[in-house]
Amino acid sequence: AQTVTQSQPEMSVQEAETVTLSCTYDTSESDYYLFWYKQPPSRQMILVIRQEAYKQQNATENRFSVNFQKAAKSFSLKISDSQLGDAAMYFCAYRESRGGSEKLVFGKGTKLTVNP
Amino acid sequence: NAGVMQNPRHLVRRRGQEARLRCSPMKGHSHVYWYRQLPEEGLKFMVYLQKENIIDESGMPKERFSAEFPKEGPSILRIQQVVRGDSAAYFCASSQARAQGSYEQYFGPGTRLTVT
C-alpha cells in the first residue's frame, strides 16, 4: 500500500523568509500524482500545488514550488517570501494516475507557523 | 460556480444515535469522495462513489457506516449507533470524470461530528 510520510510535525518561519516542508512517499507505481494541500484554521482543504510524476519539471505556483525527486520518492514544498496568511497545516498527498483507486493518501501534516 | 457544499457544518449526537452527513458536489462533478480526519491526524480515505454506484469502499469501517450517492440529490454518509470514537471531521471532495481530463479533488468545508 502507498504511504506518505511528513517527518516535520511543526515548522516555523519568519515573515518574508523561505521555508521548505518535507514529504516522502512509498509506491511501486511509475505514474502517479502528488499534491500539497493547505488547511488553515477554518479547516477548509485548499489545493496549493500538484505534480504529475511523468513530468520532470518541478511545478510552480507563484510563491510555492516543489522539489520532486522521483528516484528518491521525495516531494518537498518550498514557500518563498512567507506571509502571515501562509500559517496553516500543510498536507502532502499521493494519488495513482490510472485505473483502480482514485483515493488520495495523505501524510500526517506539518503545522507551519509564520512569525511577524 | 458554487464549491463543494457540506451540511451540517457541526453535528452533535449522543452515543447510540444516527448521524447523517450530506455533500453536494461541485456543478459538473460526478465523483464524490469521503474522508475522515481525526484530531492531530491527516485525512483518511473512506469511500469513493459515482452516481448510484460505490466504486471503492476500502476505507469504510465494516459496521455502522454506509454511503450513497443517488441519481438525484446529495451524497449521504450515514453512521448508525455512533460511538465517541466517531468524533472527527468528515470531509467530502468531488471531481470530474477522468475522461474529462481533470484529476483534482475539490474539498468541502467539512462536517465536525461530536459524539457525547
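Refer to the structure presented above.
Because the structure is predicted, anything quoted here is derived from the model rather than measured.

**Q** What's the story with the overall build of chain B in this structure? I'm lost.
**A** Along its length, chain B carries 0 helices and 11 strands. In sequence order, chain B lays out its α and β elements as β-β-β-β-β-β-β-β-β-β-β. Here the C-alpha atoms of chain B give a radius of gyration of 14 Å, agreeing with the 13 Å that 2.2 N^0.38 yields for 116 residues. Oriented by its inertia axes, the alpha-carbon framework of chain B measures out at about 45 × 25 × 25 Å. Taken over 116 residues, chain B has a buried fraction of 46%. Pairs at least 24 apart in sequence give 54% of the contacts found in chain B among residues at least 6 apart. About 5,900 Å² of surface is accessible on chain B, with carbon and sulfur atoms providing 46% of the total. Averaging the positions of the 17 positive and the 11 negative side-chain charges in chain B gives two centres separated by 6 Å.

**Q** Which parts of the structure should I look at to understand the overall build of chain A?
**A** A tally of regular secondary structure across chain A gives 0 helices and 12 strands. The helix and strand sequence of chain A, counted from the amino end, reads β-β-β-β-β-β-β-β-β-β-β-β. The C-alpha atoms of chain A give a radius of gyration of 14 Å, which matches the 13 Å a tight globule of 116 residues would have. With respect to the principal axes defined by its C-alpha atoms, chain A has extents near 45 × 25 × 20 Å. Split into buried and exposed, the 116 residues of chain A put 49% on the buried side. Look at the contacts in chain A between residues 6 or more apart in sequence, and 56% of them connect residues 24 or more apart. Just so you have it, chain A exposes about 5,600 Å², and 45% of that area is on carbon and sulfur atoms.

**Q** When you look at the packing of aromatic side chains in this model, what are you seeing that I'm missing?
**A** The geometry of an aromatic ring pair is captured by two quantities: the separation of the ring centres and the angle between the planes. This structure, assessed with the given rule, holds 15 aromatic pairs over all chains. Ring centres 6.4 Å apart and planes at 55° place the aromatic pair Tyr33(A) and Phe35(A) in the tilted group. Both rings, one in Phe35(A) and one in Tyr37(A), keep their centres 6.1 Å apart while their planes meet at 40°; by these two values the pair is tilted. Judged by its relative accessible area of 1%, Tyr37(A) falls in the buried class. Here a set of aromatic residues connected by ring pairs shows up, and it is made of Tyr33(A), Phe35(A), Tyr37(A), Phe91(A), Phe106(A), Tyr35(B), Phe45(B) and Phe107(B).

**Q** Would you mind showing me how to read the nonpolar core here?
**A** A general trend in soluble globular proteins is that nonpolar side chains are found buried together. If you look at the biggest cluster of nonpolar residues, it comprises 26 residues, and the most contacted ones within it are Tyr25(A), Trp36(A), Phe75(A), Leu77(A) and Tyr90(A). Elements represented by at least two residues in this core include exactly strand S3 (19-21), strand S5 (32-39), strand S6 (46-52), strand S8 (64-69), strand S9 (74-79), strand S10 (88-96) and strand S12 (110-115) of chain A. Residue contributions to this core peak at 4 residues, all from S10(A). Once residues within four sequence positions are removed from consideration, Tyr90(A) is found in contact with Gln6(A), Leu21(A), Trp36(A), Tyr37(A), Lys38(A), Val48(A), Phe64(A), Leu77(A), Ile79(A), Gly109(A), Thr110(A) and Leu112(A). Formed by 23 residues, the second largest nonpolar core is a distinct cluster that contains Leu21(B), Val32(B), Ile79(B) and Val115(B).

**Q** I keep staring at the side chain of Ser95(B) and nothing clicks. Help me out?
**A** All names here are of chain B. You can see Ser 95 is positioned in strand S9 (residues 88-95). Among the residues examined, Ser 95 registers a relative accessible area of 1% and is labelled buried. When sequence neighbours within four positions are dropped, the list of residues in contact with Ser 95 reads His 29, Ser 30, His 31, Tyr 33, Glu 104 and Gln 105.

**Q** Looking at this model, I keep getting lost on the side chain of Arg36(B). Mind explaining?
**A** If you trace the backbone, Arg36(B) turns up in strand S4 (residues 31-37). At 3.5 Å, the side chain of Arg36(B) forms a polar contact with the side chain of Tyr90(B).

**Q** Would you explain the pattern of salt bridges in this entry?
**A** Where charged atoms from two side chains of opposite charge approach closely, those side chains can pair. Residues and elements named next belong to chain B. This model, assessed by the stated rule, comprises 10 salt bridges over all chains. We note a salt bridge from Arg 20 to Glu 18, for which the minimum N-O separation is 2.9 Å. Relative accessible area serves as the criterion here: at 30%, Glu 18 is assigned to the partly exposed category.

**Q** Please explain the pairing of S9(A) as it appears in this structure.
**A** Consecutive side chains of a regular strand alternate in pointing toward one face of the sheet and then the other. Residues and elements named next belong to chain A. Most of S9 is tucked away, with 5 of its 6 residues classed as buried. In terms of strand pairing, S8 meets S9 through 6 bridges, oriented antiparallel. Looking at the pairing, Ser 65 lines up with Lys 78 of S9. Taking the residues that link successive antiparallel strands as the turn, the S8-S9 hairpin has 4 residues, and the phi of Lys 73 there is positive, at about 55°.

**Q** Could you clarify how one ought to interpret the environment of Tyr90(A) in this entry?
**A** Among the secondary structure elements, Tyr90(A) is positioned in strand S10. With a relative accessible area of 0%, Tyr90(A) lands in the buried category.

Reading the values: the criteria
- Residues numbered from 1 in each chain as written.
- Chains lettered and ligands numbered in written order.
- Predicted model: local features only at pLDDT ≥ 70, side-chain atom pairs only at ≥ 80, totals over all residues.
- Heavy atoms only, no water.
- Helix = DSSP H or I, 4+ residues; strand = E, 2+ residues; numbered from the N terminus.
- Rg over C-alpha atoms; globule rule 2.2 N^0.38 Å.
- Buried < 20%, exposed > 50% of the residue type's maximum accessible area, 1.4 Å probe, protein only.
- Contact = heavy atoms within 4.5 Å.
- Areas by Shrake-Rupley, 256 points an atom, 1.4 Å probe, with all protein chains shown as cover.
- Lys, Arg positive; Asp, Glu negative; His and termini not counted.
- Charge placed at Lys NZ, Arg CZ, Asp CG, Glu CD.
- Phe/Tyr/Trp six-rings, centres within 6.5 Å; stacked < 30°, edge-to-face > 60°.
- Core = buried A, V, L, I, M, F, W, Y, C linked by side-chain atoms within 4.5 Å.
- Polar contact = N/O pair within 3.5 Å; in protein donor to acceptor, adjacent residues only side chain to side chain.
- Salt bridge = Lys/Arg side-chain N within 4 Å of Asp/Glu carboxyl O.
- Pairing = 2+ DSSP bridges.

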